[in-house]
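If you want the building blocks of each chain, they are given just below.
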Amino acid sequence: MALNNIQILRENGGVGATLPGEDHYSGLLVYLDDAELPTADSGVTGFSTTNRIIPISTIEYAESLGIKPTSNKWIIKALHYHISEALRINPAIMLWVGLYTKPAVPTPGYDFKEIKTMQVFTGGKIRQIGVYTPDNNLVAGDLTKLQGIAVSLQTDDMPLSILYSPNIANISGLTDMRAIGQSNVTILIGQDGEGIAKTLYTEATKTVGTIGNAIGMLSKVSVHESIAWVQKCPSGISQPAFADGTLYNSVDTAVINTLNDNGYVFLRMFTGLNGSFYNDSFTMDTITSDYAYIERVRTMDKAVRGIRTYLLPHLSSPLYVDPKTGKLSEGTIAFLETVANRQLEAMEKAKELSGFKVFIDPDQNVLVSSEMEFVIKQVGVGVMRRMKIKISYTTKID
């Protein structure tokens, strides 16, 4: 008989970690067959046709909704894997999962309107969303649709970045799909070459991808930081592969360089360093664009959201003018510049910006136009994508 004692068992209650702010607010959109949605067969009983979007902060909660690794539906097992990956990378992520019926392919095809549905459902809180379509091959037209949704959400003051993971049948067939203005869309073509992901890929020969891992990573880094930062962003995947099942270390360097030059995001390895890392943080905008990288888009989105939040209460407020000139008074200009500065000051303090300037032209005739124009310029934070090191022997050090 054991000694008298009190035994206290520490269990996981499913309470997720929390982070300040809303930069980690993310979404994951997955398309299913009708039969795979909330049915006893699939076990996904927590969702329904009238309850398609649920915030998930722990894997225990996801499993309580029926998203289990033992499901007899491949897509449900893949969904569990991606939620697990997102939470592994960032346990404090706030993740809204949306399950919707997939359309017939190629007709009528995906229109991705569910992205907007999810963003509206959250009140515009989602900063980045992963879109997973393992039954839909990558085509340029889908990128145009995705960017169109993003532009519509920007117009509605609910900007976000879209990470897209379609089915990739063969990486050698991927072409350059970058186009002017596709700044809110990133294409993921990486995959784990072993473990659960390999098992899932072998079972269905469909892209498993890294959508959960990438969403977790993007939610973890600050808005100005690249998910390719080697020190901060190891993927935790030791055997990287591409989304067609090809192992990274079996692909010729020239092919890898071409995929990188074409703006695709995948996992890579470094000689002398264990593990794998994202090759870069490209968007599908042209490489010369200010918004060719996700961090540039996220930083601008955060600035725009914050400036709007601070200025919105002053919409339709009085604008005082100098009675001698009819132009804006110095006090009015100083006040409004201070209000517009607040978000940028906070971002500069957080090292998300290198600097900024807010300017209001005092010569605006607001009595006639009733319109106030602000000119705001901000200096971003660079990313050290390449290093050039010159080294040699010498007879002496000057």
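Residues numbered from 1 in each chain as written. Predicted model: local features only at pLDDT ≥ 70, side-chain atom pairs only at ≥ 80, totals over all residues. Heavy atoms only, no water.

(A) Geometry of a negative patch on the surface. A cluster of like negative charges, contributed by Asp361, Asp363, Glu371 and Glu373, occupies part of the molecular surface. Within the element layout of this structure, glutamate 373 appears in the loop between helix H10 (366-369) and strand S12 (374-379). (Patch = residues over 30% accessible without salt bridge, like charges linked within 9 Å, V, L, I, M, F, W, Y side chains within 5 Å. Areas by Shrake-Rupley, 256 points an atom, 1.4 Å probe, with all protein chains shown as cover. Salt bridge = Lys/Arg side-chain N within 4 Å of Asp/Glu carboxyl O. Lys, Arg positive; Asp, Glu negative; His and termini not counted. Charge placed at Lys NZ, Arg CZ, Asp CG, Glu CD. Helix = DSSP H or I, 4+ residues; strand = E, 2+ residues; numbered from the N terminus.)

(B) Structural detail: unusual backbone geometry. Going from valine 105 to proline 106, the amide bond is cis rather than trans, its omega being 10°. Assignment of secondary structure puts proline 106 in the loop between strand S3 (94-101) and helix H3 (113-121). The step from threonine 107 to proline 108 runs through a cis peptide bond, and the omega angle for that step is 0°. Looking at the element boundaries, proline 108 is found in the loop between S3 and H3. The backbone phi angle of phenylalanine 112 is positive, close to 60°, even though this residue is not glycine. With respect to the helices and strands, phenylalanine 112 occurs in the loop between S3 and H3. Looking at phenylalanine 112, the relative accessible area reads 0%, which means it is buried. Phi at threonine 205 takes a positive value of approximately 50°, unusual for a residue other than glycine. (Buried < 20%, exposed > 50% of the residue type's maximum accessible area, 1.4 Å probe, protein only.)

(C) Seen up close, the side chain of aspartate 244. Note on placement: aspartate 244 falls in the loop between strand S8 (240-242) and helix H7 (253-261). Here aspartate 244 occupies a buried position and makes no salt bridge, while the nearest side chain of opposite charge, lysine 198, is found at 13 Å. Those residues within four positions of aspartate 244 in sequence are excluded, and the remaining contacts are Ile168, Ala169, Asn170, Ile171 and Tyr201. (Contact = heavy atoms within 4.5 Å.)

(D) How the structure looks around the pattern of salt bridges. The final tally for this structure, using the stated rule, is 15 salt bridges. A salt bridge links aspartate 135 to lysine 206; the nearest nitrogen and oxygen atoms lie 2.9 Å apart. Residue aspartate 135 is found in strand S4 (residues 128-137), and its partner lysine 206 is found in the loop between helix H5 (195-204) and helix H6 (211-220); the two are separated by 71 residues along the sequence. In this structure, the salt-bridge partner of lysine 302 is glutamate 352, at a minimum N-O distance of 2.9 Å. Placement of lysine 302 in helix H8 (residues 294-311) and of glutamate 352 in the loop between helix H9 (330-349) and strand S11 (355-360) is noted, with a sequence separation of 50 residues between them. Each of the salt bridges in this network shares a partner with another, and the network as a whole consists of Asp33, Lys102, Asp135 and Lys206.

(E) Representation of the packing of aromatic side chains. Under the definition given, this model contains 8 aromatic pairs. Here tyrosine 110 and phenylalanine 112 contribute two aromatic rings whose centre-to-centre distance is 5.7 Å and whose plane-to-plane angle is 20°, an arrangement assigned as stacked. Like tyrosine 110, the residue phenylalanine 112 is buried in the burial classification. Ring pairs connect the aromatic residues Tyr31, Tyr110, Phe112 and Tyr164, which therefore count as one cluster. For the cation-ring pair, arginine 178 lies above phenylalanine 282, with the distance from its terminal atom to the ring centre recorded as 4.8 Å. (Phe/Tyr/Trp six-rings, centres within 6.5 Å; stacked < 30°, edge-to-face > 60°. Lys NZ or Arg CZ within 6 Å of the ring centre and 35° of its normal.)

(F) Focus on a nonpolar patch on the surface. A contiguous nonpolar patch, built from Met384, Met387, Ile389 and Ile391 and spanning about 570 Å² of accessible area, is present on the exposed surface. Assignment of secondary structure puts isoleucine 391 in the segment after S12. Looking at isoleucine 391, the relative accessible area reads 80%, which means it is exposed.

(G) Layout of H6. Of all 10 residues that make up H6, 9 are buried, and the element is covered over most of its length. For H6, the complete set of buried residues consists of Ile211, Gly212, Asn213, Ala214, Ile215, Gly216, Met217, Leu218 and Ser219.

(H) Molecular detail of the nonpolar core. Formed by 48 residues in total, the largest nonpolar core has its most connected members in Ile83 and Val97. Considering each element in turn, this core owes the most residues, 10 residues, to helix H2 (residues 74-89). Valine 97 has contacts with Leu28, Phe47, Arg52, Ile53, Ile54, Ile56, Leu79, Ile83 and Met118, leaving out every residue within four places of it along the chain. Of all hydrophobic cores here, the second largest spans 39 residues; its members include Ile126, Ile129, Ile162 and Tyr264. (Core = buried A, V, L, I, M, F, W, Y, C linked by side-chain atoms within 4.5 Å.)

(I) Region of interest: the sheet that holds strand S2 (residues 53-56). Spatially, 6 strands are ordered S2-S3-S1-S4-S5-S6 in an open sheet, and the strand pairing comes out mixed. With partners counted over all chains shown, the strands left at the sheet margins are S2 and strand S6 (185-187), one partner each. Shown here is a sheet whose adjacent strand axes are inclined to one another by a mean of 25°, direction ignored. Contacts between H3 and the sheet are confined to strand S1 (25-32), S2, S3, S4 and strand S5 (161-167), with S3 contributing the most and set at about 140° to the helix. Those strands touched by H8 are S4, S5 and S6, and its axis lies near 140° from that of S5. (Pairing = 2+ DSSP bridges. Axes fitted to C-alpha atoms, helices over the stretch in contact; angles between N-to-C directions.)

(J) Geometry of the side chain of serine 226. Structurally, the position occupied by serine 226 is in the loop between H6 and S8. Using a relative accessible area of 6% as the deciding quantity, one classes serine 226 as buried. Within the structure, the side chain of serine 226 is placed 3.0 Å from the backbone nitrogen of alanine 228, a separation counted as a polar contact. (Polar contact = N/O pair within 3.5 Å; in protein donor to acceptor, adjacent residues only side chain to side chain.)

(K) Representation of the environment of glutamine 191. For glutamine 191, the position within the fold is in strand S7 (residues 190-192). For glutamine 191, a relative accessible area of 2% corresponds to the buried category. As for glutamine 191 and tyrosine 31, which are separated by 160 residues in sequence, their C-alpha atoms are 19 Å apart. Apart from residues lying up to four places away in sequence, glutamine 191 is in contact with Tyr201, Thr207, Val208, Gly209, Thr210, Gln239, Pro240, Ala241, Phe242, Ala243, Gly245 and Leu267. There is a polar contact of 2.8 Å between the side chain of glutamine 191 and the backbone nitrogen of valine 208.

(L) Spatial organisation of the pairing of strand S9 (residues 267-270). Here 3 bridges tie S9 to strand S10 (residues 273-278), and the two strands are oriented antiparallel to one another. Across the sheet, leucine 267 pairs through a bridge with tyrosine 278, a residue of S10. Two successive antiparallel strands, S9 and S10, enclose a turn made up of 2 residues, where glycine 272 displays a positive phi of approximately 85°.

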